[in-house]
Amino acid sequence: QVQLVEFGGGLAQPGGSLRLSCAASGSIFSIYTMGWYRQAPGNERDLVASITSGGWINYADSVKGRFTISRDNAENTVYLQMNNLKPEDTAVYYCNLVVRVTTERPIEHYWGQGTQVTVSS
């Protein structure tokens with residue numbers, strides 16, 4: 001029903017920047033929230049940032065002041081601008097979509113394929 005495609009991961013040096021994007025496609029009745037999670041080896045998948053359809057934004061404390069989440073409603077795309085990257089930001093980043101596909105189905109969660117972000121010198 002819904003497909004999420006991520007782009008923008010890669011290798012950066014400490015203090016560098018990367019920009020992630022995630023585009024949702026398919027039949028979607030309503031998008032409630034789009035966000036980014038990350039998971040490092042041995043760790044749980046944790047919220048990085050999220051943005052609701054009304055524009056409310058949450059950030060993990062560890063990325064406040066460094067990362068910025070934004071969205072393009074017309075294109076069903078969410079972005080994550082990551083500045084001043086640190087080695088501890090190294091993880092696989094997953095796009096998350098909270099959506100109602102049709103009025104016949106309840107709210108569902110969808111995930112992107114994941115994109116590796118590595119920060120090292």
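Check the entry above for the structure.
About the thresholds
Residues numbered from 1 in each chain as written. Predicted model: local features only at pLDDT ≥ 70, side-chain atom pairs only at ≥ 80, totals over all residues. Heavy atoms only, no water. Core = buried A, V, L, I, M, F, W, Y, C linked by side-chain atoms within 4.5 Å. Buried < 20%, exposed > 50% of the residue type's maximum accessible area, 1.4 Å probe, protein only. Helix = DSSP H or I, 4+ residues; strand = E, 2+ residues; numbered from the N terminus. Contact = heavy atoms within 4.5 Å. Pairing = 2+ DSSP bridges. Axes fitted to C-alpha atoms, helices over the stretch in contact; angles between N-to-C directions. Salt bridge = Lys/Arg side-chain N within 4 Å of Asp/Glu carboxyl O.

How should the nonpolar core be read in this particular structure?
As a rule of thumb, nonpolar side chains are buried together in soluble globular proteins. Ranked by size, the top nonpolar core spans 31 residues in total, and within it Trp36, Leu80, Met82, Tyr93 and Leu97 carry the most contacts. Of all the elements in the fold, those that place two or more residues in this core are strand E1 (2-7), strand E3 (18-26), strand E4 (30-39), strand E5 (46-52), strand E7 (67-72), strand E8 (77-82), strand E9 (91-100) and strand E11 (115-119). For this core, the element with the most residues is E9, which contributes five residues.

Whenever I open this one, the side chain of asparagine 96 confuses me. Can you help?
With respect to the helices and strands, asparagine 96 occurs in strand E9. Setting aside its immediate chain neighbours within four residues, asparagine 96 contacts Thr33, Met34, Gly35, Tyr37, His109, Tyr110 and Trp111.

Any chance you could explain the sheet that holds E3 here in plain terms?
For sheets, the rule is that strands pair by backbone hydrogen bonds, running either parallel or antiparallel. Sheet architecture is open: four strands sit in the order E1-E3-E8-E7, paired in antiparallel fashion. Only two strands of the sheet have a single partner each, and these edge strands are E1 and E7. The mean angle between the axes of side-by-side strands here comes to 15 degrees, regardless of whether they run parallel or antiparallel. Relative to E8, E3 runs antiparallel, the two being bridged by six bridges. By the bridge assignment, arginine 19 is partnered in E8 with glutamine 81.

Please explain unusual backbone geometry as it appears in this structure.
Only a minority of non-glycine residues have a phi that is not negative, and only a minority of peptide bonds are not trans. Phi is positive for asparagine 76, which is not a glycine, with a value near 50 degrees. Along the chain, the position of asparagine 76 falls in the loop between E7 and E8. Using a relative accessible area of 25% as the deciding quantity, one classes asparagine 76 as partly exposed. Here the phi dihedral of asparagine 84 falls at roughly 50 degrees; this positive angle occurs in a residue that is not glycine. Within the secondary structure, asparagine 84 sits in the loop between E8 and E9.

When you look at the environment of tyrosine 94 in this model, what are you seeing that I'm missing?
Residue placement: tyrosine 94 occurs in strand E9. For tyrosine 94, a relative accessible area of 15% puts it in the buried group. Taking the C-alpha atoms as reference, tyrosine 94 lies 17 Å from threonine 52; in sequence the two are 42 residues apart. Setting aside its immediate chain neighbours within four residues, tyrosine 94 contacts Glu6, Gly35, Trp36, Tyr37, Gln39, Arg45, Trp111, Gly112, Gln113 and Gly114.

Is there a simple way to think about the pattern of salt bridges in this case?
Working definition: two side chains of opposite charge can pair if their charged atoms are close together. Taken as a whole and judged by the stated rule, the model has four salt bridges. Between aspartate 89 and arginine 38 there is a salt bridge, with the nearest N and O atoms lying 2.9 Å from each other. You can see aspartate 89 sitting in the loop between E8 and E9 and its partner arginine 38 sitting in strand E4, a full 51 residues away along the chain. Given the relative accessible area of 0%, aspartate 89 is considered buried. Put simply, arginine 66 and aspartate 89 hold a salt bridge, and the shortest N to O gap is 2.8 Å. Placement of arginine 66 in the loop between strand E6 (57-59) and E7 and of aspartate 89 in the loop between E8 and E9 is noted, with a sequence separation of 23 residues between them. Aspartate 89 matches arginine 66 in its accessibility class, with the two residues each being buried.

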